[in-house]
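So the chains spell out like this:
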Amino acid sequence: MTLDPVPVVLSVRDLTSRFFLPTGVVHAVERVSFELHAGRSLGIVGESGCGKTATVMSVLRLLPAPGRIVGGHITFEGRELLDLSDEEMRRIRGARIALIPQNPGSALNPVLTIGWQLREALQAHQELSRTEARDRIVEVLDLTGIPDPQHQLDRYPHEFSGGMKQRILIAMAIANHPALLVADEPTTALDTTMQAKVLELMSELVDSFEMTLMLITHNMGVVASVCERVAVMYAGQIVEMGSASDLFRAPLHPYSDLLLGSTPRLDGRRSAERVIEGKPPDLMMAPTGCSFRDRCPLAEPGCAEPPPFLEVVEGRHVRCWVAQRDTSSRDLPRRSPARSAAEPSTSTDDGEPS
Amino acid sequence: MTQASHVGPVPDLPGNVVLAARDVKKHFKGRRGLGRRHGTVYAVDGVTFELNEGETFGLVGESGCGKSTLARLLVGLYAPTAGTILLHGEVVNAAGAGQRLRGRLQMVFQDPAGSLDPRRRVVDSVAEPLIGSRARKERRAAAVEMLERVGLKAELGDRYPHQLSGGQQQRACIARALVADPAIVVLDEALSSLDVSLQAQMMSLLRDLQAEFRSTYVFITHDLATAFELSTRIAIMYLGDIVELLPADAFRQGTLHPYSRALVEAVLVPDPAVQRGRKLIQLSGDVPSASLPPPGCRFHTRCPYAQERCSHDRPPLVQHRAEHWVACHFAGALPPRAEPPTSGSL
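Nothing here was measured: the structure is a model prediction, and the numbers come from that model.

**So, the overall build of chain A**
Okay, step 1: Assigned secondary structure in chain A consists of 12 helices and 12 strands.
Okay, step 2: Burial statistics for chain A: of 354 residues in total, 46% are counted as buried.
Okay, step 3: For chain A, restricting intrachain contacts to residue pairs at least 6 apart in sequence, the fraction spanning at least 24 positions comes to 66%.

This is the structure:
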């Protein structure tokens, strides 16, 4: 909440990005708003095509053409990123905001040694001598659990396994001590046992370096193990946002509920009967009404009107008419009158649960 | 059960055995490459099991464990280096068997776009397994019917693969696999590239079709949770070996092999309350190369419980409980919980 003493690192407001294709306009990101407080972690979950990667690429201002940010504000460490020149943005990227990419196999240059690539990442942002850079590289590689780092610098990416490559990329991301770490499906390409290890490593590093983490994934298990807060995206919009423990225990939006219900799990509940029928809407059409209503078991005529994104319980936002109505009548913890009076009604504030 | 490689885990289920794999091996010969000699790759190294009619046999393992090689062996795309695979008593890879068994063994691949001919209408691809057994018109009618059964309207069948979504393409692949009433359908990571909601749709479709056609599925995946959802029995593979084989229902009582336990532990539960503060079993190092598999137990180099014996004595697959087979010298004697004593609770 506004009472959270921790400063806001990243604030995204009404971010809207579109892809202008010859065949039409893809509404990839529609008025997405969230805030990230220093040292906290936010997971953005959703299925393919829901706009989670487009959101992140917009924040990094790396949205590939024909994609373009058409509206909104992105404030990072007090600066409006959308007003910066490309050169200014380059100085932030890799130094203050770092990205861990999805596919470790293709993110490293196959014809350069890893030592060369790590040094390049460092020297792009810091004046370092060769030996200083080398010491720093050995240090970060050691932190990410690469055995015997000083002897690995002259090796090429193909000499490492997928898990090791992802560790090298994590080392590269944290080398400049960024404030914000953005991880786009960091473990999707990895095996189960390696995935668990890499996630554990990432959490530890985020804690010890006091980084802020934004993690994109389609895997509910990954969010549950790493993130404090979760934003669920559907058809370019955030449909629900709240603390991970609240959202996983009692999701408010029907989509979050069904998504959780159809996630296979090992701990007993074999409830594959909950299936989301149909497919996501065509993003070539401008959204009308609630974008989930065609697949929603709770849809009613009123859902043809676009639902607002409202905070229905303290720290929990949802974009659903039914959930907003039901939550206000249900016996859920309410906002204290004093606090809600202190807040502007338009607030899309994204506070941390205590 | 002295020699697991020759005495297989024969299920006590009353079902009919459709397929039997006996001590199947597939080794890929080393080749002289650019200045470097590559050794033989022991992709599948002595695997024995049977499949019952109407069951779903989940084959789980991480990359490089040999599960896809085994899939190809089962449908006759590879000839085994040693051992036999019998379909209803007939050797799958005997000379000339390919023709006779066409349509009896079907496979659905991970990438649906890449496994449909881009220049043919979907309905023609779906009808293909019937070539040789039915007249042209009948083939088309059967294909249209099967497409409808998997949820694709006839008009979609007249389209080309690129005009369908990924989910629709995978439905078409499932229709093609089932159209000729196969004895066995091998699903090789068939759901892995799909979104959670599509995965759930496909699993319920596969279950319905199985109830209707009594098909036998071999469900190959790296994802233990989906295997658990769909399978009646689960086999866990490591470096070319089945290390544990158990009914899916027995999963809750716990797995016995240290590798299976590590794998179960590594599955992320979509629940922060469970996931927080959970300490994982740390397997040391990476999976060894399949061209230099360690002697003795294949897993001993990474096993937290390994003893001296494990480094030279390869444990056979032995029955420990009803229907529950494990290849570990110390399977019954390990600590009851999966964690080593120092770590936290689940």
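**Re the sheet that holds strand β12 (residues 316-318) of chain A**
Residues and elements named next belong to chain A.
Okay, step 1: One open sheet accounts for eight strands, arranged β6-β7-β8-β3-β9-β10-β12-β11; its pairing is mixed. Unpaired on one side and paired on the other, β6 (97-100) and β11 (310-313) mark the two borders of the sheet. Across the sheet, the mean angle from the axis of one strand to that of its neighbour is 25°, orientation sign disregarded.
Okay, step 2: Helix α6 (residues 162-174) contacts β6 and β7 (180-184) of the sheet and is inclined by roughly 175° relative to β6.

**A closer look at the sheet that holds strand β4 (residues 67-76) of chain A**
Residue and element names in this part refer to chain A.
Okay, step 1: As summarised here, the arrangement of the four strands in space is β2-β1-β4-β5, forming an open sheet in which the pairing is antiparallel. The open sheet terminates on both sides in strands that have one partner only, identified here as β2 (24-37) and β5 (79-80).
Okay, step 2: Where β4 meets β5, two bridges bridge the pair, whose relative direction is antiparallel. Opposite Thr 75, over in β5, you have Glu 80 as the bridge partner.

**Observations regarding the environment of Met285(A)**
Residue and element names in this part refer to chain A.
Okay, step 1: Note that Met 285 resides in the loop between α10 (254-261) and β11.
Okay, step 2: Accessibility expressed as a C-beta count within 10 Å gives 13 for Met 285, which makes it partly exposed.
Okay, step 3: In sequence terms Met 285 and Val 26 are 259 residues apart; their C-alpha atoms lie 7.4 Å from each other.

**Some thoughts on the packing of helix α7 (residues 192-208) of chain A against helix α9 (residues 258-266) of chain B**
Okay, step 1: Where α7(A) meets α9(B), the axes come as close as 8 Å, and the angle between the chain directions of the two elements is 50°. In terms of their interaxial angle, α7(A) and α9(B) are classed as oblique. The interaxial crossing formed by α7(A) with α9(B) has left-handed handedness. Listed contacts from α9(B) to Thr192(A), Thr193(A), Gln195(A) and Ala196(A) of α7(A) are Ala262(B), Leu263(B) and Ala266(B).
Okay, step 2: Residues that form the contact of α7(A) with α9(B) fall into these classes: four nonpolar, three polar and no charged.

**Digging into helix α1 (residues 52-59) of chain A**
Residues and elements named next belong to chain A.
Okay, step 1: Among the eight residues that make up α1, seven are buried, leaving the element largely enclosed by the rest of the structure.
Okay, step 2: Burial in α1 covers these residues: Lys 52, Ala 54, Thr 55, Val 56, Met 57, Ser 58 and Val 59.
Okay, step 3: Of the residues trailing α1, Arg 61 is marked for its positive phi of about 55°.

**Some remarks on the interface of chain B and chain A**
Okay, step 1: Across the boundary between the two partners, chain B contributes 34 residues, which contact 34 residues of chain A.
Okay, step 2: Sorting the residues of the side of chain B that touches chain A by element identifies α7 (196-213), α8 (224-230), α9 and α10 (272-275) of chain B as the ones contributing at least two each.
Okay, step 3: Counting residues per element, the side of chain B that touches chain A draws most heavily on α7(B), at six residues.
Okay, step 4: For the side of chain B that touches chain A, a count of residues per class yields 19 nonpolar, nine polar and six charged.

**Things to note about the domain arrangement of chain A**
Residue and element names in this part refer to chain A.
Okay, step 1: Here chain A is described as being made up of domain 1 (8-96 + 182-342) and domain 2 (106-177).
Okay, step 2: When each unit is reduced to the centre of its C-alpha atoms, the spacing between domain 1 and domain 2 is 31 Å.
Okay, step 3: Contacts between domain 1 and domain 2 engage 12 residues on the former and 13 residues on the latter.
Okay, step 4: Among the residues making up the side of domain 1 that touches domain 2, the classes are represented as 10 nonpolar, one polar and one charged.

**A closer look at unusual backbone geometry**
Okay, step 1: Of the consecutive residues Ala65(A) and Pro66(A), the connecting peptide bond is found in the cis state with omega at 5°.
Okay, step 2: Considering the arrangement of structural elements, one finds Pro66(A) in the loop between α1 and β4.
Okay, step 3: Phi angles above zero are rare outside glycine, and Glu77(A) is one such case at about 45°.
Okay, step 4: The topology assignment puts Glu77(A) in the loop between β4 and β5.
Okay, step 5: Unlike most non-glycine residues, Asp23(B) shows phi in positive territory, near 45°.
Okay, step 6: Position of Asp23(B) relative to the elements: it lies in strand β1 (residues 17-28).
Okay, step 7: Take Asp23(B): there are 18 C-beta atoms within 10 Å of it, and that puts it in the partly exposed class.

**A short note on the environment of Ile69(A)**
Residues and elements named next belong to chain A.
Okay, step 1: The residue Ile 69 is located in strand β4 in this model.
Okay, step 2: Once the C-alpha coordinates of Ile 69 and Ala 175 are considered, the two residues, 106 residues apart in sequence, prove to be 29 Å apart.
Okay, step 3: In this structure Ile 69 touches Ser 17, Ser 58, Leu 63 and Leu 82, once residues within four positions along its chain are discounted.

**Examining the pairing of β2(A)**
All names here are of chain A.
Okay, step 1: In terms of burial, β2 is a largely internal element, 10 of the 14 residues being buried.
Okay, step 2: Strand direction decides the pairing type here: strand β1 (residues 8-21) and β2, joined by 10 bridges, are antiparallel. If you follow Val 8 over to β2, its bridge partner there is His 37.

**Focus: the confidence of the model for chain B**
Residues and elements named next belong to chain B.
Okay, step 1: Considering every residue of chain B, the mean pLDDT works out to 85; 87% of them sit at 70 or more.
Okay, step 2: The model gives residues 1-8 a pLDDT under 50, and that stretch makes 18 contacts with residues more than four places away or in other chains.
Okay, step 3: Every residue in residues 338-346 is under pLDDT 50, and counting partners more than four places away or in other chains gives 14 contacts.
Okay, step 4: ipTM for the predicted complex: 0.80, alongside a pTM of 0.84.

Here is what the cut-offs are and how they apply
Residues numbered from 1 in each chain as written. Chains lettered and ligands numbered in written order. Predicted model: local features only at pLDDT ≥ 70, side-chain atom pairs only at ≥ 80, totals over all residues. Helix = DSSP H or I, 4+ residues; strand = E, 2+ residues; numbered from the N terminus. Buried ≥ 20, exposed ≤ 12 C-beta atoms within 10 Å, placed from the backbone. Contact = placed C-beta atoms within 7 Å. Pairing = 2+ DSSP bridges. Axes fitted to C-alpha atoms, helices over the stretch in contact; angles between N-to-C directions. Parallel < 35°, antiparallel > 145°, perpendicular 65-115°, else oblique. Left-handed = near helix turned anticlockwise from the far one by under 90°. Nonpolar A, V, L, I, M, F, W, Y, C, P; charged D, E, K, R; others polar. Domains from an automatic or database assignment. pLDDT = per-residue confidence, 0-100.

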